[in-house]
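# Topology and contacts: notes
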Amino acid sequence: MRERIRSAYHTLFGASARAFGTLSVVLLVVLAVVPARDHLREWLHYQNEYLNLIRNRSDGLSLARRFQGGVQQIWLPELGVVDRCATCHIALKEASLAGVGPQPFLPHPPIPHSLTEFGCVMCHRGQGAATTVEEAHRSTLAWEQPILPARYIESSCGECHERPLTGTPQLGAGRAMLARYGCVHCHKLTSPESRTVAGTDDPPPLKHIAAKTTREWIFAWIKNPQAYAATATMPNFQLSDDDARDISAFLIGQSTPYTTEAIKVPPVPATDDAAALQQGSSTYGESFCASCHAMQNAAGLLVGGDLGPELTRIGSKVRPEWLAEWIRDPKTYDPDTRMPHFRFEAKDIGLIMGFLESKTDSDFLANVHLSAATPSQITHGKQLVVERGCAVCHDINGVAHQENFAPDLTAVGSLPLSKIIFLPGMPHTLPDYIAAKIRKPRSFGNALKMPQFTLSDAQVDALVTALLAQTSRGKTLPPALRIPAPEPSTYQPAGRAGQLMNDLRCFSCHTINGRGGDMAPDLSWEGTSVQRSWLVKFLKAPNTLRPALIRRMPKFNLSDEEANVLADYILTVYQTPAFDRDQIGASKFTSGDAAHGKDLYYGKYACNSCHILDPNKDKGYIGPTLTQVGLRLNAAWIFRWLKNAQALRPGSLELNWNMNDDDARAITAFLMQPKAPPQQGASK
């Protein structure tokens with residue numbers, strides 16, 4: 001073998017002439033490889049395919065003129081982005097090729113951003129500097145950032161936009177779930193503006209839990225919250241019987257009385273008194289408790305709102321004394337509760353108690369038999385409460401509130417794959433890892449503390465989308481690209497009216513000056529829109545304004561003095577600066593104006609398609625009823641609303657008709673005319 005090598009070397013390099021010739025041939029081969037390799041580039045193959053695709057098209061010449069060969073690059077230095085995706089995705093801006101060819105020759109769907117200014121990787125991620133499909137789209141040894149799966153594409157919008165967007169429902173749902181399901185109690189999560197995300201689940205305090213329920217119920221609840229209420233947001237901690245026994249022992253042991261007064265339970269109808277139970281059901285319904293609380297009906301369907309806890313089995317949970325005091329005035333037990341003070345009379349409290357206490361489930365506690373707790377069980381229960389992080393959500397006597405209980409999720413969307421331990425068989429991508437952690441946390445180790453949530457696939461996808469939006473890039477974006485959420489409002493109404501509004505928990509449903517809920521209309525300009533006489537009557541006995549809505553404003557049983565205080569405050573304080581509510585007087589309208597307005601109402605604008613004005617003829621159930629609108633709203637408000645409803649209440653379903661002043665004035669005159677009160681049957 002050595003002789004052969006020596007002979008070959010002598011043949012090729014034995015003399016200077018032969019050596020020069022050999023090296024010349026090698027150099028020529030190397031020089032030939034470089035252009036040949038370029039000719040075989042993957043991106044060049046796609047560009048040639050594109051030219052073949054457009055060659056025989058009628059607009060082929062125009063497409064060919066706009067075609068630019070070679071490597072195409074977008075450089076965004078302020079974002080640290082190098083984007084060469086357009087090298088293969090040649091037809092991104094060619095709308096005429098929609099649906100014509102396969103990828104990468106399809107145009108990009110319409111978006112509100114410039115492809116040139118933002119590039120592709122800002123939204124789709126992946127390796128923008130790569131020029132091969134493998135390196136650009138997938139995670140390789142040299143590149144870690146794979147392309148984002150299409151179902152999570154909304155997460156990229158969240159890097160810039162903190163404000164909710166109508167075009168990103170999955171991102172919005174995921175962010176809402178992070179707050180509603182208490183994820184942000186354990187995990188710190190801050191926005192790019194360094195604003196800490198707060199929970200919206202309102203976990204109850206446990207300092208006085210023994211007055212509310214029994215140890216047996218606590219045991220069954222913490223074993224499996226969803227067995228009691230399918231809508232429960234508290235997860236399953238997968239506790240053993242012994243651990244649940246000890247935690248329940250500690251929680252009952254740490255409980256202290258929440259009131260020093262002896263609670264007198266109102267007379268409660270017997271559970272076999274059908275008439276009394278029916279009356280209690282009516283009182284419950286007339287108070288519109290179902291606007292906030294859900295309950296299973298006879299068909300097993302869950303009916304009602306989700307602002308408060310489900311009440312399907314409430315009779316198996318609470319003590320009668322606690323229930324009586326809670327219905328009388330909830331803030332006695334929980335000063336921060338979102339439930340209003342209804343001012344019920346003792347008779348009504350008793351009727352509602354009877355109805356709620358009939359909602360029981362004997363199976364839920366059937367197999368729970370606990371002996372008296374021992375000191376060691378109570379001590380162990382406290383240890384478990386600390387280890388499981390119960391005080392992260394709940395106020396508990398003797399246990400300090402726990403901070404930073406779980407990993408920070410502020411930049412989880414940029415978590416390097418090299419730091420992740422994937423399960424066997426799991427795709428090595430960040431979305432798959434996050435989804436697996438949400439679906440079954442303990443699959444990564446039985447010693448992990450994260451509990452088990454009961455979530456649908458759609459909910460998991462929404463959470464993954466929201467978490468993928470939490471990236472390090474989002475923290476470093478230029479201020480010009482960041483769309484922050486509005487600063488949380490700290491508005492607080494003043495005086496006697498402010499005390500009443502807090503007592504009635506108006507902010508649980510209504511937004512006023514940027515603070516509050518979104519279940520009911522914004523009241524920031526209510527004083528400009530309504531008339532005082534109507535407002536006083538409505539506060540004392542709310543009626544149905546929007547037939548299509550299930551949720552209704554409860555009857556708070558206000559006194560005349562309280563209703564007048566609230567009405568005066570609303571009419572004085574909550575006014576728009578855009579116009580004067582008294583600038584258009586109903587007395588200035590003529591019968592001719594009203595007649596013309598009627599023709600426009602039923603003809604040109606077909607307002608009766610959405611609104612009920614004549615209960616005997618109109619079938620519109622989308623918008624509020626307008627039967628007595630002339631007694632409810634001011635003429636100036638109606639006029640401005642017809643001109644541009646979105647300017648008064650952004651997000652309103654009312655269309656922008658671009659109505660001229662004459663038409664708006666005529667319809668206003670028609671609506672301000674006194675109308676005959678609706679018949680009793682139609683009202684119901």
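Fair warning: this is a prediction, and the values are worked out from it, not measured in the lab.

## Remarks on the overall build of the chain
For the chain, the count of helices and strands is 31 helices and six strands. At 34 Å, the chain has a C-alpha radius of gyration far larger than the 26 Å of a compact globule built from 684 residues. Seen along its three principal axes, the alpha-carbon backbone of the chain occupies a region of about 120 × 85 × 45 Å. Here the chain holds 684 residues, and 42% of them are scored as buried. For the chain, the share of sequence-separated contacts (at least 6 apart) that also reach a separation of at least 24 residues comes to 62%. Approximately 36500 Å² of the chain is accessible, and the part contributed by carbon and sulfur atoms is 57%.

## Details of the domain arrangement of the chain
Each domain of the chain was delimited in the assignment, giving domain 1 (2–39), domain 2 (42–147), domain 3 (158–200 + 406–481), domain 4 (209–357), domain 5 (495–573) and domain 6 (586–672). Centre-to-centre, using C-alpha coordinates, domain 3 lies 33 Å away from domain 4. Taken together, the contact pairs nine residues of domain 3 with eight residues of domain 4. Here domain 3 meets domain 4 over a buried area of about 810 Å², counting both sides, of which 47% is carbon and sulfur.

## Digging into the packing of aromatic side chains
Taken as a whole, this structure holds 26 aromatic pairs when the rule is applied. Summarising the aromatic geometry, the rings of Tyr284 and Phe355 are spaced 5.0 Å apart at their centres and angled 50 degrees between planes, so their arrangement reads as tilted. Of this pair, Tyr284 sits in helix α15 (residues 274–286) while Phe355 sits in helix α17 (residues 346–357), and the two are 71 residues apart along the sequence. Here the two residues Tyr284 and Phe355 agree in accessibility, since each one is buried. Site record: aromatic cluster; members linked through ring pairs are Trp217, Trp221, Tyr228 and Phe364. One cation-aromatic arrangement involves Arg515 over Phe507; the distance from NZ or CZ to the ring centre is 3.9 Å. Over the ring of Trp534 we find Arg632; its NZ or CZ atom is 5.8 Å from the centre of that ring.

## A few points about the nonpolar core
Among the nonpolar cores identified, the biggest contains 97 residues, and Leu356 and Leu671 are the most heavily contacted of them. Those residues within four positions of Leu671 in sequence are excluded, and the remaining contacts are Tyr601, Leu613, Leu626, Val629, Gly630 and Ile638. Core analysis: the second largest hydrophobic core is formed by 28 residues, Met177, Leu430, Leu463 and Val464 among them.

## Things to note about the pattern of salt bridges
Under the counting rule described, the total for this entry stands at 24 salt bridges. Residues Arg343 and Asp503 are paired through a salt bridge, measuring 2.9 Å at the closest nitrogen-oxygen approach. You can see Arg343 sitting in the loop between α16 (320–328) and α17 and its partner Asp503 sitting in helix α22 (residues 495–503), a full 160 residues away along the chain. The pair formed by Arg343 and Asp503 is uniform in burial state, with each residue classed as buried. Note that Arg496 is salt-bridged to Glu561, the shortest N-O span being 3.6 Å. Remark: Glu561 occurs in helix α25 (residues 560–573) and Arg496 occurs in helix α22; sequence separation between them is 65 residues. Residue class for Glu561 comes out partly exposed when judged on its relative accessible area of 43%.

## With respect to the side chain of Gln226
Looking at the element boundaries, Gln226 is found in helix α13 (residues 225–228). A distance of 2.9 Å separates a polar atom in the side chain of Gln226 from the backbone oxygen of Met234. Once residues within four sequence positions are removed from consideration, Gln226 is found in contact with Ala232, Met234, Asn236 and Thr454.

## Overview of the packing of helix α24 (residues 532–540) against α25
Two elements in contact, α24 and α25, have axes separated by 9 Å at closest approach and are oriented at 130 degrees. One finds that α24 runs oblique with respect to α25. Relative to α25, the crossing made by α24 is right-handed. Residues Arg532, Leu535, Val536, Leu539 and Lys540 of α24 pack against Asp560, Ala563, Asn564, Leu566, Ala567, Asp568, Ile570 and Leu571 of α25. Looking at the contact of α24 with α25, its residues break down into eight nonpolar, one polar and four charged.

Cut-off values and rules
- Residues numbered from 1 in each chain as written.
- Predicted model: local features only at pLDDT ≥ 70, side-chain atom pairs only at ≥ 80, totals over all residues.
- Heavy atoms only, no water.
- Helix = DSSP H or I, 4+ residues; strand = E, 2+ residues; numbered from the N terminus.
- Rg over C-alpha atoms; globule rule 2.2 N^0.38 Å.
- Buried < 20%, exposed > 50% of the residue type's maximum accessible area, 1.4 Å probe, protein only.
- Contact = heavy atoms within 4.5 Å.
- Areas by Shrake-Rupley, 256 points an atom, 1.4 Å probe, with all protein chains shown as cover.
- Domains from an automatic or database assignment.
- Buried area = accessible area lost by both parts, 1.4 Å probe.
- Phe/Tyr/Trp six-rings, centres within 6.5 Å; stacked < 30°, edge-to-face > 60°.
- Lys NZ or Arg CZ within 6 Å of the ring centre and 35° of its normal.
- Core = buried A, V, L, I, M, F, W, Y, C linked by side-chain atoms within 4.5 Å.
- Salt bridge = Lys/Arg side-chain N within 4 Å of Asp/Glu carboxyl O.
- Polar contact = N/O pair within 3.5 Å; in protein donor to acceptor, adjacent residues only side chain to side chain.
- Axes fitted to C-alpha atoms, helices over the stretch in contact; angles between N-to-C directions.
- Parallel < 35°, antiparallel > 145°, perpendicular 65-115°, else oblique.
- Left-handed = near helix turned anticlockwise from the far one by under 90°.
- Nonpolar A, V, L, I, M, F, W, Y, C, P; charged D, E, K, R; others polar.

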